[in-house]
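A closer look at the structure
Given next are the chains, with one letter for each unit.
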Amino acid sequence: MKKLRAIVPATTANLGAGFDTFGLALSLYNEFEVEEHDGVVIETIPDNPFLKTPEKNLFVQVLKYACERRGKTFHGAKVKQITNVPVARGLGSSATAIVAAILISATVSKVELTDDLFFEIAYRFEPHPDNLLPAWKGGFITALLQNKKTYYQHIDFPQDIKAVVVIPDFELSTEKARAVLPEKISLKDGVFNVQRASLFISALVNKQYDILKIAMDDRFHQPYRKKLIPGFDEVISNALEAGALGASLSGAGPTVLALAIEKFDDIGKAMIEGFEKHSIKADYKVLEVDKRGARVEIIE
Ligand SMILES: Nc1ncnc2c1ncn2[C@@H]1O[C@H](COP(=O)(O)OP(=O)(O)OP(=O)(O)O)[C@@H](O)[C@H]1O
Ligand SMILES: N[C@@H](CCO)C(=O)O
């Protein structure tokens, strides 16, 4: 195998009411360089001992599975990861690793990467398409899984909207953030989210940005997850007061996302203040929507 590099965008899932269905790719990228090697050697930039452990490194685990799935023996790999997407922060870091490994495996084996093949591998490691799909194909998607088939649609995301993401300095695994969700929700809350998810899509299509604030509200997951994220309500209200169109938890959190067409730095700083009031340090990034998705380059 030549030396290959996969470049995969971060993703923000849910966008409020679109729980487990909306996903958006963002201009923050993880890079995964790989070449054949006897045994597994992992370098991470910045240094991350956790990800350097092969058993904890999803990129290596998916590479191994994809190799053995083709009836080959996985002898190892020399991996260099540039991890700009922070782990367990709600920006789809795990999805970047899965997508990178699948694309590299398909490139090496010269196999056409169909949706069925992609999801057959990916769902063994991550059960929801709302990070996987935008990380793979870019842009904004809405998706669902029914009877082992994934249905999804791309919707053009307005060019003038950017994402302000505020990343607090603590991790929240998707597993832990899903464990606090209720088994059942009321009809009233169900209608609440259906109304707003539909409104969100209409607002994008019709460029009716003034309704995004309402459309990004949620009763499925944020009321429960915010107990794990001190300052969440203030971060959201600060974003809106500073000029955001709408704001929500990014994926399973703890990152908080604001959509905006102006005042990006004011919004970022105001959101950080919301966390700082609860003695939590945070950093903000102003990101574009990534429309290209993941790609593989042959280095040598
Ligand atoms: N860049 C990466 N490279 C290799 N393995 C990763 C990477 N990011 C995450 N993982 C693995 O995936 C596991 C699950 O990550 P988790 O889903 O909790 O966080 P996340 O994907 O960063 O956040 P979210 O899914 O909320 O966007 C991590 O504990 C780690 O084992
Ligand atoms: N929809 C998933 C996304 C995880 O990134 C969740 O909220 O748990």
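Just so it is clear, the model here is predicted, and its values are computed rather than measured. (Residues numbered from 1 in each chain as written. Chains lettered and ligands numbered in written order. Predicted model: local features only at pLDDT ≥ 70, side-chain atom pairs only at ≥ 80, totals over all residues. Heavy atoms only, no water.)

**A word on the pattern of salt bridges**
Scanning the model with the defined rule gives 14 salt bridges in all. When the shortest N-O distance is used, the salt bridge between Asp20 and Arg178 registers 2.7 Å. Highlighted residues: Asp20 in the loop between strand S1 (4-13) and strand S2 (22-36) and Arg178 in helix H5 (residues 174-179), separated in sequence by 158 residues. Given a relative accessible area of 25%, Asp20 falls into the partly exposed group. In this structure Arg178 comes out as partly exposed when scored by relative accessible area, which is 31%. Between Asp115 and Lys137 there is a salt bridge; the shortest N-O distance is 3.5 Å. With Asp115 in helix H3 (residues 115-122) and Lys137 in helix H4 (residues 129-137), the pair connects residues that are 22 residues apart, well separated along the chain. Overall, the relative accessible area of 27% leaves Asp115 in the partly exposed class. Three or more residues are tied together by salt bridges with common partners; here these are Arg5, Glu31, Glu33, Arg295 and Glu297. (Salt bridge = Lys/Arg side-chain N within 4 Å of Asp/Glu carboxyl O. Helix = DSSP H or I, 4+ residues; strand = E, 2+ residues; numbered from the N terminus. Buried < 20%, exposed > 50% of the residue type's maximum accessible area, 1.4 Å probe, protein only.)

**Some remarks on the site of ligand 1**
Taken together, 21 residues surround ligand 1, and among them Lys56, Ala88, Gly92, Ser93 and Ser94 come closest. Backbone polar atom of Gly90 to an oxygen atom of ligand 1: 3.5 Å apart, as the coordinates give it. A total of 620 Å² of accessible area belongs to ligand 1 in isolation, and the protein chains cover 87% of it. Of all the elements in the fold, those that place two or more residues in the shell around ligand 1 are helix H1 (58-69) and helix H2 (93-109). Looking at the shell around ligand 1, the element that brings in the most residues is H2, giving three residues. (Near = heavy atom within 4 Å. Polar contact = N/O pair within 3.5 Å; in protein donor to acceptor, adjacent residues only side chain to side chain. Areas by Shrake-Rupley, 256 points an atom, 1.4 Å probe, with all protein chains shown as cover.)

**Description of the environment of Glu241**
Its location among the elements puts Glu241 in helix H9 (residues 232-241). Separated by 25 residues in sequence, Glu241 and Asp266 have C-alpha atoms that sit 9.9 Å apart.

**Focus on the site of ligand 2**
The local shell around ligand 2 consists of Ala13, Asn14, Phe19, Asp20, His128, Asp130, Asn131, Thr174, Arg178, Arg225, Gly251 and Ala252. The separation between an oxygen atom of ligand 2 and a polar side-chain atom of Arg178 is 2.6 Å. Within the side chain of Arg225, one N or O atom sits 2.7 Å away from an oxygen atom of ligand 2. Coverage of ligand 2 by the protein amounts to 98% of the 260 Å² it exposes when considered alone.

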